[in-house]
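Summary of structural features
So the chains spell out like this:
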Amino acid sequence: AGSISDWVHNWRFARWALASQLLASTAPYVMPWVIAVTHGEAQTGLLGACMTLVGLSNTFLQGLCNFLSPRAAQAYSRGGLPELRSVLTKTALLFAATLGGLAIVAFLLGEHVALLVYGPQFAGAGPIIGVLSLSVLANSAGIVAGNGLWAIERPSANFVADACSLGITIVATFICVPLWGPLGAAMATLAGTASDAVVR
């Protein structure tokens, strides 16, 4: 009986986290298929190559988030909102410095890195890498705010943000992808992550 009551208690929180995760993972998996249908396999490969390079900074982001989640919960439990705000502010500043710096480097050197790693057939990757790097930066702001919402036991607010983000991503995809292909996909992704951060 005790384990069932624990499960029910935890499910009230976890169901929102699960729903948010399902929404957040939809666009990254669907976007390459949209590019394939509208612009062909070569452009899909270009987007995939850019996402792979930017994925290195995303790995850094996810690694720090694994540290942030329990740290935010502990801060709120120990010191309430003031200590939680302190932890979130410091993390946001760290992300701004590191991922912001990487985004600048991506705009300046992304094209050269793509050509060096993948070859001349991936010319034109620079702007895509830059915009995707901005998306990682925006995502970091959303994750910081989302961990704050989890810490104060407001997981449903994260779901609302993810739903808004998905809607904006879909609209931006229909507008941008037919016009600009992989760059349009990167712009739609940025629109989604930025709106997610703002709503959170």
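In this report, we go over the structure that sits alongside the text. If you're wondering where the values come from, they're calculated on a predicted model, not measured in any experiment.

Parameters at a glance
- The residue count restarts for each chain, going from 1 along the sequence in the order it is written.
- Residues qualify for local features only when their pLDDT is at least 70, as the model is predicted, and side-chain atom pairs are given and counted only at 80 or more; totals for whole chains, interfaces and linings, by contrast, use all residues.
- The basis for every side-chain value is the complete set of non-hydrogen atoms in the structure, without hydrogens or water.
- Only DSSP runs of H or I reaching four residues or more are called helices, and only runs of E reaching two or more are called strands; each is numbered from the N terminus.
- Our radius of gyration looks at C-alpha atoms and nothing else; its globule reference is 2.2 Å times the residue count to the power 0.38.
- Burial status follows relative accessibility: with a 1.4 Å probe on protein chains alone, a residue under 20% of its type maximum counts as buried, one over 50% as exposed, and anything between as partly exposed.
- Note on contacts: a residue pair qualifies if any of its non-hydrogen atoms lie within 4.5 Å across the two residues.
- In short, Shrake-Rupley with a 1.4 Å probe defines the accessible areas, and a residue's cover is counted only from the protein chains shown.
- Patches here are clusters of residues that have more than 30% relative accessible area and form no salt bridge, with a 9 Å joining cutoff for like charges and a 5 Å cutoff for nonpolar side chains (Val, Leu, Ile, Met, Phe, Trp, Tyr).
- A carboxyl oxygen of Asp or Glu within 4 Å of a side-chain nitrogen of Lys or Arg is what we treat as a salt bridge.
- In this analysis, axes come from line fits to C-alpha atoms, helices being fitted only over the stretch in contact, and the angle between any two N-to-C directions falls in the range 0 to 180 degrees.
- Angle categories are assigned with fixed cut-offs, so that under 35 degrees is roughly parallel, over 145 is roughly antiparallel, 65 to 115 is roughly perpendicular, and the rest are oblique.
- Side-chain classes are defined by residue name, with Ala, Val, Leu, Ile, Met, Phe, Trp, Tyr, Cys and Pro counting as nonpolar, Asp, Glu, Lys and Arg as charged, and the others, Gly among them, as polar.
- Under the pairing criterion, centres of Phe, Tyr and Trp rings, with the six-membered ring standing for Trp, must be within 6.5 Å; the plane angle then separates stacked pairs below 30 degrees from edge-to-face pairs above 60, leaving the rest tilted.
- The span you would expect from a helix comes to 1.5 Å times its residue count less one.
- For the purposes of these results, a polar contact is taken to be a pair of N or O atoms within 3.5 Å, where, inside protein, one atom must be able to donate a hydrogen and its partner to accept one; residues adjacent in sequence count only when each atom of the pair is a side-chain atom.

**Comments concerning the overall build of the protein chain**
Within the protein chain one finds six helices and zero strands. The linear arrangement of helices and strands in the protein chain, starting from the amino end, is α-α-α-α-α-α. Computed over C-alpha atoms, the radius of gyration of the protein chain comes to 18 Å, within 12% of the 16 Å expected from 2.2 N^0.38 for 200 residues, which places it in the range of a compact globule. Per-residue burial for the protein chain yields a buried fraction of 36% across its 200 residues. Long-range contacts, defined here as pairs at least 24 residues apart, represent 74% of the contacts in the protein chain between residues at least 6 apart. Working note: accessible area of the protein chain is about 10,800 Å², and carbon and sulfur atoms make up 71% of it.

**A short note on a nonpolar patch on the surface**
On the surface, I104, V105, L108, L109, V113, L116 and V117 cluster together into a nonpolar patch covering about 690 Å² of accessible area. Mapping L108 onto the fold places it in helix α3 (residues 41-118). Given the relative accessible area of 63%, L108 is considered exposed.

**Side note on the packing of α3 against helix α4 (residues 125-151)**
For the pair α3 and α4, the least separation of the axes is 7 Å and the interaxial angle reads 10 degrees. Here α3 lies roughly parallel to α4, going by the angle between them. The class makeup of the residues in the contact of α3 with α4 is 35 nonpolar, 14 polar and one charged.

**Observations concerning the packing of aromatic side chains**
The description of two aromatic rings rests on the distance between their centres and on the angle between their planes. Using the criterion set out here, one finds two aromatic pairs in the structure. Seen from their ring centres, Y118 and F122 are 5.1 Å apart, and the 45 degrees between their planes marks the pair as tilted. Y118 sits in the partly exposed class, given a relative accessible area of 26%.

**A few points about the environment of A106**
Structurally, A106 is set in helix α3. Note: C-alpha distance between A106 and T52 (54 residues apart in sequence) is 13 Å. Setting aside its immediate chain neighbours within four residues, A106 contacts G126, I129, G130 and S133.

**Overview of α4**
Since there are 3.6 residues in each turn of an α-helix, residues three or four apart along the chain are aligned in direction. An ideal rise of 1.5 Å per residue puts 39 Å on 27 residues; α4 measures up with 39 Å between its terminal C-alpha atoms. Extensive coverage of α4 is indicated by the burial of 20 of its 27 residues. Where α4 terminates, the next one or two residues include E153, which has phi positive at roughly 60 degrees.

**As for the side chain of S135**
Checked against the element boundaries, S135 lands in helix α4. There is a polar contact of 3.1 Å between the side chain of S135 and the side chain of T193. Discounting residues that sit within four places of it in the chain, S135 has contacts with T189, L190 and T193.

**A few points about the pattern of salt bridges**
Within this structure, the stated rule accounts for three salt bridges. When salt bridges that share partners are traced, they join D162, D196 and R200 into one network.

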